[in-house]
Structures are given as C-alpha cells and as structure tokens.
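# Structural overview
Residues per chain are reported as follows:
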Amino acid sequence: MDMESTNGQTVYHIKKGPDGTLLSIEHFDLWYGETQALFDVTMTVEKGFVTALIGPSGCGKSTLLRSINRMNDLISGLKTDGKIVLGDTDIYGPNVDVIGLRKTMGMVFQKPNPFPMSIADNVSYPLRVDGIRNRKVLEETVYNALVHAALWDEVKDRLRDNALGLSGGQQQRLCIARAIAADPEVLLMDEPCSALDPVATAKIEDLIDELRGRYTIIIVTHNMQQAARVSDNTAFMYLGKLIEYGRTSTIFTNPKVDRTRLYVTGRFG
C-alpha cells in the first residue's frame, strides 16, 4: 500500500496482491478488556468481490467488520493480536495513520444516519472536511455519487432539501452515496437493510450488485437469503470464531463443516 502526504495528511493507495487479494486477515484476536471476542480469525478478501459475514447474534461479525477500519479503537480496553493486511500494509502496525486509512474505506451502518443538512451537502461532506471547496468538483462528486447510489433520479430536483425528509430507504442510499463520494477502495456495510422494508431492501441489494467490481464490499447480514443473493464469498462465524469461509454457492449448498450446514439450513441461530 503506497502512501503520500496531502495537506499534512496521509493518503493511502492500495495495491492488490498477485492472486487478487486486497485484504488479508491473519490469526486475528480481539479482546474487550478481559473478554475475548475474536479468536484466531484468518481469511482473505478478493478485490472487487462482495464478501458476506454471517452468523447468529453476538458471533463477532460486526466486531470483525469494525476491526477492518479500526473503529473498535474507540472502545476502552481494546486489545488485538495478529494482523489485518490491506494491500501490503498491516493496518495495526505502529506507523499507520488511522485517519488516512479510514479514508480508503466507506462505512454504512445498520440504521440510516444522514446528517441534518441538505442532500447535496450530505454527499459532499467527506470532500469538504478535506478542505475541497471547488464548486465544480463538489457538484460533480454529488452527481456521480448519487448516480452510483441509484438515487439521482429521485432527488435531482430537491438537492437543497433537508436529507431527513427522505424515506428510510432513500436515506440509506444517501448514506451509501456519502460513503462512496471520496472514492474508497473498500465499502463496509453493517446490516444495511435491517431497518428497511422489503421494497427498500430490494433496492439496496440491487445497488450492491451494481457496485460489485467498482468497490470491494464486505457486508454483515443476519439474513442468510440476502447473503446468498448478493455475495460472492461468505464467512460463517460462531462464538467469535471463523467456522467456514468460501464461495457463497458452496457455503449454502455443500458446506464442509456440519455446524455451517446446520446454520444455513435453519437448524439453529
């Protein structure tokens, strides 16, 4: 992962590995104080693919997702061991600029969280925080991000309206537009449809399919059918451990581990 300094901040340029790997998690452990939440997790994420993290509540899938952009750093008493390598850089290494790292990743949360400002200002916010004031650049970014988030046609005549006036599904697509406005390498999605109705969920799933290849997407979902529909690879987690990881078609039709089979067939969880 190459880096350069812009306005005193580190900007990372990520290189994929020769086998297409963008992210490599190697024997990763995590503790909250004395409580261990992740145990020896090892897996790789391919560039441009959609990877789903599934498992019952409390299995560690959201903890793992938030470890990738180091959001868990904000929790008191956090301790980690092992590596998470993005490109060729261990993101838990001593010289990593965490702010610069997070700029290579977009994050979409479980509940839509638009800012109480206009639709356009929501999308351009990441650029304005970085000091970009060029009106043409901001307008082009808003247009491109809303188009890629499949929202432009619905909001193009109300860009100055408060984003809180959008429906829940529109708000979530707006949050996706905001997440991709700075053109990240990785898009992290933490149960992005759990607060949405079936119609809005279908639109988000269609959007994930449209974004496939443009971004490397890692999605946490409690909905196994959703994982089967949207992902290329699936990781099944249980009690903080990675039980099985592979092509989604294999995980759902011919898993190698009995516990995986029991989970994906609805026998427990």
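Residues numbered from 1 in each chain as written. Predicted model: local features only at pLDDT ≥ 70, side-chain atom pairs only at ≥ 80, totals over all residues. Heavy atoms only, no water.

## Considering the packing of aromatic side chains
Enumeration over the complete set of coordinates arrives at four aromatic pairs. Aromatic side chains F28 and Y92 sit 5.4 Å apart centroid to centroid with 45° between the ring planes, which places their arrangement in the tilted category. You can see F28 sitting in strand β3 (residues 21-32) and its partner Y92 sitting in the loop between β7 (89-90) and α2 (98-102), a full 64 residues away along the chain. Its relative accessible area of 18% is what places Y92 among the buried residues. Geometrically, the ring pair formed by F236 and Y263 is stacked, given 4.9 Å between the ring centres and 20° between the ring planes. Here the residue F236 occupies a position in strand β11 (residues 233-238), and Y263 occupies one in helix α10 (residues 258-264), the gap between them amounting to 27 residues. Residue class for F236 comes out buried when judged on its relative accessible area of 0%. Judged by relative accessible area, Y263 falls into the buried class, the value being 4%. (Phe/Tyr/Trp six-rings, centres within 6.5 Å; stacked < 30°, edge-to-face > 60°. Helix = DSSP H or I, 4+ residues; strand = E, 2+ residues; numbered from the N terminus. Buried < 20%, exposed > 50% of the residue type's maximum accessible area, 1.4 Å probe, protein only.)

## Considering the packing of helix α3 (residues 119-129) against helix α6 (residues 168-180)
Taken N-terminus to C-terminus, the directions of α3 and α6 make an angle of 35°; their axes are 7 Å apart at the nearest point. In this structure, α3 meets α6 at a crossing whose hand is right-handed. Taking contact as the criterion, the partners of I119, N122, V123 and P126 in α3 are, on α6, L174, A177 and R178. Within the contact of α3 with α6, the residues separate by chemical class into five nonpolar, one polar and one charged. (Axes fitted to C-alpha atoms, helices over the stretch in contact; angles between N-to-C directions. Left-handed = near helix turned anticlockwise from the far one by under 90°. Contact = heavy atoms within 4.5 Å. Nonpolar A, V, L, I, M, F, W, Y, C, P; charged D, E, K, R; others polar.)

## Concerning the pairing of strand β4 (residues 35-46)
Inspection of the sheet shows β3 paired to β4 by eight bridges, in the antiparallel sense. Pairing of I25 across the sheet is with M43, part of β4. Joining the antiparallel neighbours β3 and β4 is a turn of two residues, in which G33 adopts a positive phi near 65°. (Pairing = 2+ DSSP bridges.)

## Comments concerning the pattern of salt bridges
Tallied over the entire structure, the rule returns 13 salt bridges. Its salt-bridge partner being R229, residue E205 comes within 2.8 Å of it at the nearest N-O pair. With E205 in helix α7 (residues 198-211) and R229 in helix α8 (residues 224-230), this residue pair connects regions lying 24 residues apart in the sequence. The shortest N-O distance in the salt bridge between D209 and R212 comes to 2.9 Å. (Salt bridge = Lys/Arg side-chain N within 4 Å of Asp/Glu carboxyl O.)

## A closer look at the packing of helix α4 (residues 135-148) against α6
As a packed pair, α4 and α6 sit with axes 8 Å apart at the nearest point and diverge in direction by 125°. The pairing of α4 with α6 is recorded here as oblique in orientation. Both α4 and α6 take part in a crossing whose hand is right-handed. For the pair formed by α4 and α6, the contact residues are A145, L146 and H148 on the first element and L174, A177 and I180 on the second. Of the residues contributing to the contact of α4 with α6, the split by class is five nonpolar, one polar and no charged. (Parallel < 35°, antiparallel > 145°, perpendicular 65-115°, else oblique.)

Without other data, these values stay purely geometric and don't point to any function.
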